[in-house]
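For reference, the chains in residue letters:
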Amino acid sequence: MPANDIFTPPPRWIRPVRILGYLVFLVAFFLPAVREPASGETHRGWFCAGVTLINSLNRDFWRSKEFLAILSGWINPLMLLYVASLFSRKLRIFRRIVSILIVLFIPGTWVFFYLEPLTPLIGHVLWIAGILMILAGETVRPVAPSNE
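In this report, the structure presented in the accompanying data block is examined. (Residues numbered from 1 in each chain as written. Predicted model: local features only at pLDDT ≥ 70, side-chain atom pairs only at ≥ 80, totals over all residues. Heavy atoms only, no water.)

Turning our attention to the overall build of the chain. Counting secondary structure elements, the chain contains seven helices and three strands. Going from the N terminus to the C terminus, the chain shows its helices and strands as α-β-β-α-α-α-α-α-β-α. Residues counted as buried form 36% of the 148 residues belonging to the chain. Relative to all contacts within the chain whose residues are 6 or more apart in sequence, the contacts with residues 24 or more apart total 66%. Approximately 9400 Å² of the chain is accessible, and the part contributed by carbon and sulfur atoms is 70%. (Helix = DSSP H or I, 4+ residues; strand = E, 2+ residues; numbered from the N terminus. Buried < 20%, exposed > 50% of the residue type's maximum accessible area, 1.4 Å probe, protein only. Contact = heavy atoms within 4.5 Å. Areas by Shrake-Rupley, 256 points an atom, 1.4 Å probe, with all protein chains shown as cover.)

Below, the discussion takes up the environment of Glu 41. Along the polypeptide, Glu 41 turns up in the loop between strand 1 (32-35) and strand 2 (42-44). Here Glu 41 is in contact with Val 34, Arg 35 and Glu 36, once residues within four sequence places are set aside.

Next up on the list: the nonpolar core. Formed by 18 residues in total, the largest nonpolar core has its most connected members in Phe 25, Ile 75, Met 79, Ile 102, Trp 127 and Ile 131. Elements with a contribution of two residues or more to this core: helix 1 (14-28), helix 5 (75-85), helix 6 (92-115) and helix 7 (122-135). With five residues, the single largest contributor to this core is helix 7. Setting aside its immediate chain neighbours within four residues, Phe 25 contacts Asn 76, Met 79, Trp 127, Gly 130, Ile 131 and Ile 134. Ala 33, Val 34, Leu 68 and Phe 112 belong to the second-largest nonpolar core, a separate cluster that totals seven residues. (Core = buried A, V, L, I, M, F, W, Y, C linked by side-chain atoms within 4.5 Å.)

Below, the discussion takes up the pairing of strand 1. Remark: a regular strand shows side chains that alternate across the two faces of the sheet. Relative to strand 2, strand 1 runs antiparallel, the two sharing three bridges. From the neighbouring strand, Arg 35 faces strand 2, where its bridge partner is Thr 42. Linking two consecutive strands that pair antiparallel, namely strand 1 and strand 2, is a turn of six residues; a positive phi of about 80° is found at Gly 40 within it. With two bridges connecting them, strand 1 and strand 3 (residues 119-120) associate as antiparallel partners. Bridged to Arg 35 within strand 3 is Thr 119. (Pairing = 2+ DSSP bridges.)

Throughout the structure, instances matching the rule amount to two aromatic pairs. Relative to Phe 29, the ring of Phe 25 lies with its centre 5.1 Å away and its plane at 85°, an arrangement referred to as edge-to-face. Across the pair, exposure class does not vary: Phe 25 and Phe 29 are buried alike. On the numbers, 6.2 Å between centres and 85° between planes, the contact of Trp 46 with Phe 47 is edge-to-face. Its relative accessible area of 37% is what places Phe 47 among the partly exposed residues. (Phe/Tyr/Trp six-rings, centres within 6.5 Å; stacked < 30°, edge-to-face > 60°.)

Take helix 1 next. Helix length check: helix 1 (15 residues) gives 21 Å between terminal C-alpha atoms against 21 Å at 1.5 Å per residue, within 8%. Among the residues making up helix 1, those that are buried are Ile 14, Arg 18, Gly 21, Val 24, Phe 25 and Ala 28. The buried residues of helix 1 occupy an angular sector of 125° when the element is viewed end-on, so they sit on one face. The inward-facing, buried residues of helix 1 abut helix 2 (45-55), helix 5 and helix 7. (Expected span 1.5 Å × (residues − 1). Arc of directions from axis to C-beta.)

Orientation of helix 6 relative to helix 7, taken along the N-to-C sense of each, is 165°, at an axis distance of 11 Å. With respect to helix 7, the axis of helix 6 lies roughly antiparallel. Considering only the axes of helix 6 and helix 7, their crossing is left-handed. Contact with helix 6, carried on its side by Ser 99, Ile 102, Val 103, Ile 106, Thr 109, Trp 110 and Phe 113, involves His 124, Ile 128, Ile 131 and Leu 135 of helix 7 and no other residues of that element. (Axes fitted to C-alpha atoms, helices over the stretch in contact; angles between N-to-C directions. Parallel < 35°, antiparallel > 145°, perpendicular 65-115°, else oblique. Left-handed = near helix turned anticlockwise from the far one by under 90°.)

Structure representation (structure tokens):
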């Protein structure tokens, strides 16, 4: 990759998609994210995020199937790191590593839902959609500057 590619801007559609992604991601925390089929109880996204982060401090959870839930709980702090790294071009490699970790942790959430069992609801779907919209910029090459 030529050195000038580092300083070329991303395609114009990335910024509006990311902004919409931030909104979708944020709204998802206030919507029902999962349902426990046995009891019919639902949990909102903010509750799921809090429980998984708190449980990441419990060593026993890391030795059980709950480690998948803990990994999904770490998606949110990784998203904060990702968004913060967008402000510096020097952090591009770091940002890409964080985005790969996020994408790798997402299927762990679905495996946990299957094993637990939990039913994903609209909050979870929008949470994933928001994440993918925010990360979409990592999948495209910057626009080459025109020679005009």
